[in-house]
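Listed below are the residues making up each chain.
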Amino acid sequence: MRAPTAAEREAWEEALDLWGVDLHDPVVHTRSKERSFAWFGFPPEVNVDPGELVRHGGEGHLTSVFAHEIGHHVLSPSTRVDSLKIRQQMARVIDLYDRQHRLDLAAASGFCANLWSDMLINDRVMQLQRARLAPDDTPDIVQLTRALAAPALAKGLRGADDNELWWVVQRAYELLWRLPEGTLAWPEAPTGWKAAYEREIQRLRQQVKNQRRKGLPKERADRWRAQREVQQRERDLADLEYDPRAGLDPAHDATTVADVVRTLAADPVSGAVPWAMVMVPYLLLGFQDTGCHEESPGAPTAAELAGAIGDPRLQKPLVHPEDAEVVVAEGSAGAADDGSGQALGLARTLELLAGADPNAVMAAWYEAEARPHVAPLVQRGLAPAGPAIPGPLEEWGLGDDLAELDWPATLTTGAVFVPGVTTRRRTFIPDEPEPDDEPVLLDLYLDSSGSMTHPQRGSAAIVAGTILSLSVLRGGGRVRVTSWSSAGQVAGESTYTRDRVEIMRQLTTYFGGGTTFPLDLLRARYPESQRPAEGQRHLVVLSDAGLDTFLGRGQEEYADVAADVRRVIDTGSLMIIGHWRGQSREQAERLGYDVAEIPDVMQAPAACAALAARIAAYTPEGAARG
């Protein structure tokens, strides 16, 4: 690295002036080992290798190179958090199209995110430069793009590798900048991919046809094996027939991409989806991750992950810009009425953010899933009765307290003052206590045995627990989370807390062992024989078949704990992941526990809403205080 030369500093100042911003000097490299001649990073920094720029044919266009890199800090992604958001958007679309997971999710998402930002920035730089030039002059960014495209154009249409995606981008630039066809890309769109795709699908069709004509062997083992092979080839054929490559139209797609770039530049995070809906299928033909890129030291922090994954725009349905139809990914939760339900799954999110702390990623993901369904959860109470209010008038007699004599009321009866006849006194009646919402104490027990879904795979129990916990916190209450599995596998604090980070850490704790509810711990936490006058406590247990152990199965010495605890708490709720039938459920309901079933993740919000309504409507005995 070295300090910028006078010419490089002049180009830098011109680029800053073009955007109207101020940044510290760029980092100038010599013989860098990066895959590009310029790149950016966060905290805001611009890097350039002038020697590499010359080797790529961009000599004399350093101002536009600097302007492009500055644009990453001004326009897109502008911040590290927005960079994470755009990558998430790209990953959602890649996950939709790449059903067989042929692409490296992190690499492909990063490539798409950077290419989308590059197109937004280059078009904005062109507009800024054109505004300062005479009508017949060519903006420098256009000249740079033409110089960088020259080697590919020189090879010709058949000589370039992986040229379909490159052609669509270059043709979109020609449309955006009103350049003649052939200026930045070949006049004709590449079609080699189409012939290869048709050959591949024809080969599979012939194989399926031949196997059907041949029939199945008579031997049972051979017959079973041959049948499996036929079914697999039929599935492969069906997948290929619905392959995104089948609908590619480079010339038409370039027009659509140009429209998206020009109309959605103001919101790069939202605009990333329609752009990716057009461009991602081209990645399945192959791509080379070269060019400008982001290089930021260190993994994203928990706060950055929460800010990125929690953006509501990452929950909206995937919409293709051509027909504005919602495209629901296979195996996804689907598009709910509020537009949620199409966020990237947790397993794929962890794959995308492999360098980040997985616990922070899980916490951010579960909070994002829960947030649309979180509402303040409080319990109905009664405030102390206020001062007595005036009641009707009564006759004041000679034996009554003189302080109770109401002179104004007495004088209204006439001018004659006759004690016990014309004298009056005012009575008072007690005021009714007013409803008063009170914070909730939530005691939450989460089954983390091997039969429960692992937190990294998207657990309905953890989604439900997160919704309940965040709702209690928003209502001003406190939560105590206990994760449990087999005997001795228990994690959690003994006190209630409002620490959201600690709550999420306990919710995502996973043992993966057997299933034995810690009834000994439950008894120790509720030693009272009567419900305390102060403090309102609500018990919730999230489990599957392990709820049988809550009632004492396998722990006969603690068989009476569930009944004893129910008498000293305000409400008790057992939330079953799946279905729960039989005598155990009937026993739990007889003891006074509410039972709710959560068949899958999509049903978790409704179950939590019903539980919240029960808690909110509950009025403890003797609530009128004063």
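Above this text is the structure in question.
Along each chain, numbering runs from 1 in the same order as the chain's sequence is written. Whole-chain, interface and lining totals are the exception, using all residues; otherwise, since this is a predicted model, local features are given only for residues with pLDDT of at least 70 and side-chain atom pairs are given and counted only at 80 or more. Values shown for side chains rest on all heavy atoms present in the structure; no hydrogens or waters enter the calculation.

S.K.: Would you mind going over the overall build of the protein with me for this structure?
M.R.: Working definition: helices are DSSP H or I runs of at least four residues, strands are E runs of at least two. Numbering for both runs from the N terminus. A tally of helices and strands in the protein yields 22 helices and 15 strands. In summary, the protein has a C-alpha radius of gyration of 35 Å against a globular reference of 25 Å for 626 residues, an excess of more than 25%. Here the C-alpha coordinates of the protein stretch approximately 120 × 85 × 45 Å along the principal axes. For the protein, the proportion of its 626 residues judged to be buried stands at 49%. Should any heavy atoms of two residues lie within 4.5 Å, those residues are considered in contact. Counting contacts in the protein only where the partners sit at least 6 residues apart, residues at least 24 apart contribute 74% of the total. Both charge centroids of the protein, one from 64 positive and one from 90 negative side chains, sit 7 Å from each other. For the radius of gyration, the atom set is restricted to C-alpha positions; the globular benchmark scales as 2.2 Å times the number of residues to the power 0.38. Burial status follows relative accessibility: with a 1.4 Å probe on protein chains alone, a residue under 20% of its type maximum counts as buried, one over 50% as exposed, and anything between as partly exposed. Within this scheme the basic residues Lys and Arg register as positive and the acidic residues Asp and Glu register as negative, but His and the chain ends are omitted. A charged residue contributes its charge at one atom only: NZ of Lys, CZ of Arg, CG of Asp or CD of Glu.

S.K.: What should I look at first to understand the nonpolar core in this one?
M.R.: In globular proteins that are soluble, nonpolar side chains generally tend to be buried together. Among buried residues, those of type Ala, Val, Leu, Ile, Met, Phe, Trp, Tyr and Cys that are joined through side-chain atoms within 4.5 Å constitute a nonpolar core. Of all hydrophobic cores here, the largest spans 125 residues; its most connected members are Met-90, Trp-116, Val-257, Trp-275 and Met-575. When residues of this core are assigned to their parent elements, the largest contribution, 12 residues, is made by helix α5 (residues 105-130). Setting aside residues up to four positions removed in sequence, Trp-275 forms contacts with Met-90, Cys-112, Leu-115, Trp-116, Met-119, Val-257, Val-260 and Val-261. One finds Tyr-445, Leu-522, Leu-547 and Val-565 within the second-largest nonpolar core, a separate group that totals 24 residues.

S.K.: Would you mind going over the side chain of Arg-480 with me for this structure?
M.R.: Examined against the element boundaries, Arg-480 turns out to sit in strand β11 (residues 478-484). Apart from residues no more than four positions distant in its own chain, Arg-480 is found in contact with Leu-442, Asp-443, Leu-444, Tyr-445, Glu-493, Ser-494, Thr-495, Tyr-496, Arg-525 and Tyr-526.

S.K.: Please clarify how the sheet that holds strand β15 (residues 594-598) should be interpreted in this entry.
M.R.: Within a sheet, adjacent strands bond to each other through the backbone by hydrogen bonds, running parallel or antiparallel. A pair of strands counts as paired when DSSP detects no fewer than two bridges linking them. Across the sheet, which stays open at both edges, the six strands sit in the order β12-β11-β10-β13-β14-β15 with mixed pairing between neighbours. The two strands at the open ends of the sheet, each matched to only one other strand, are β12 (490-492) and β15. Going across the sheet, the axis of each strand differs from the next one's by a mean of 20°, ignoring polarity. In terms of strand pairing, strand β10 (residues 441-447) meets strand β13 (residues 537-543) through six bridges, oriented parallel. Within β13, the position partnered with Tyr-445 by the bridge is Val-541. Helix α16 (residues 460-474) rests against β10, β11, β13, β14 (571-577) and β15 of the sheet, and its axis sits at about 170° to β10. Angular values range over 0 to 180 degrees, each being the angle between N-to-C directions of two axes fitted as lines to C-alpha atoms, with helices fitted over their stretch in contact.

S.K.: What is the right way to look at helix α12 (residues 302-309) in this model?
M.R.: Residues lying three or four places apart along an α-helix face the same way, a consequence of the helix completing one turn every 3.6 residues. Residues of α12 that are buried: Glu-304, Leu-305, Ala-308 and Ile-309. Seen from one end, α12 has its buried residues packed into an arc of 115°, which puts them on one side. Buried-residue contacts for α12 involve α4 (80-97), α13 (346-352) and α14 (358-370). The directions from the helix axis to the C-beta atoms are what the arc is built from.

S.K.: Even after reading the chapter, I still don't get unusual backbone geometry, so can you show me in this structure?
M.R.: Phi is mostly negative for residues that are not glycine, and the peptide bonds are mostly trans. The omega torsion across Phe-42 and Pro-43 is 0°, close enough to zero to call that bond cis. Mapped onto the secondary structure, Pro-43 falls in the loop between β2 (38-41) and β3 (45-48). Geometrically, the link from Ser-76 to Pro-77 is a cis peptide bond, its omega value of 5° lying close to zero. In this structure, Pro-77 sits in the loop between α3 (62-74) and α4. With a phi close to 75°, Ser-78 is a non-glycine residue in the positive phi region.

S.K.: Help me understand the side chain of Thr-549 in this model?
M.R.: Looking at the secondary structure, you find Thr-549 in helix α19 (residues 547-550). According to the relative accessible area criterion, Thr-549 is buried, its value standing at 2%. Think of a polar contact as two N or O atoms within 3.5 Å of one another; within protein, one of them needs to be a possible hydrogen donor and the other a possible acceptor, and neighboring residues in sequence only count if both atoms come from side chains. Side-chain polar atoms of Thr-549 contact the backbone nitrogen of Phe-517, separated by 3.1 Å. The residues touching Thr-549, leaving out its near neighbours within four places in the chain, are Trp-484, Thr-515, Thr-516, Phe-517, Leu-519 and Gln-555.

S.K.: Can you help me understand the environment of Arg-480 in this one?
M.R.: Here Arg-480 falls in the buried class, since its relative accessible area comes to 6%. Engagement of the side chain of Arg-480 in a polar contact is seen with the side chain of Asp-443, the distance being 2.7 Å. Here the side chain of Arg-480 touches Tyr-496 through a polar contact of 3.4 Å, side chain to side chain.

S.K.: Hey, could you run me through the pattern of salt bridges in this one?
M.R.: When the charged atoms of two side chains with opposite charge come close together, those side chains can pair. Should a side-chain nitrogen of Lys or Arg be within 4 Å of a carboxyl oxygen of Asp or Glu, the pair is scored as a salt bridge. For the coordinates displayed, the defined rule picks out 31 salt bridges. One salt bridge connects Lys-85 with Asp-311, and the closest N-O pair in it is separated by 2.9 Å. Taken together, the residues Lys-85 in helix α4 and Asp-311 in the loop between α12 and β4 (318-319) connect sequence positions 226 residues apart. Of the two residues, Lys-85 and Asp-311, neither departs from the other in class, the shared state being buried. Its salt-bridge partner being Arg-425, residue Glu-404 comes within 3.5 Å of it at the nearest N-O pair.

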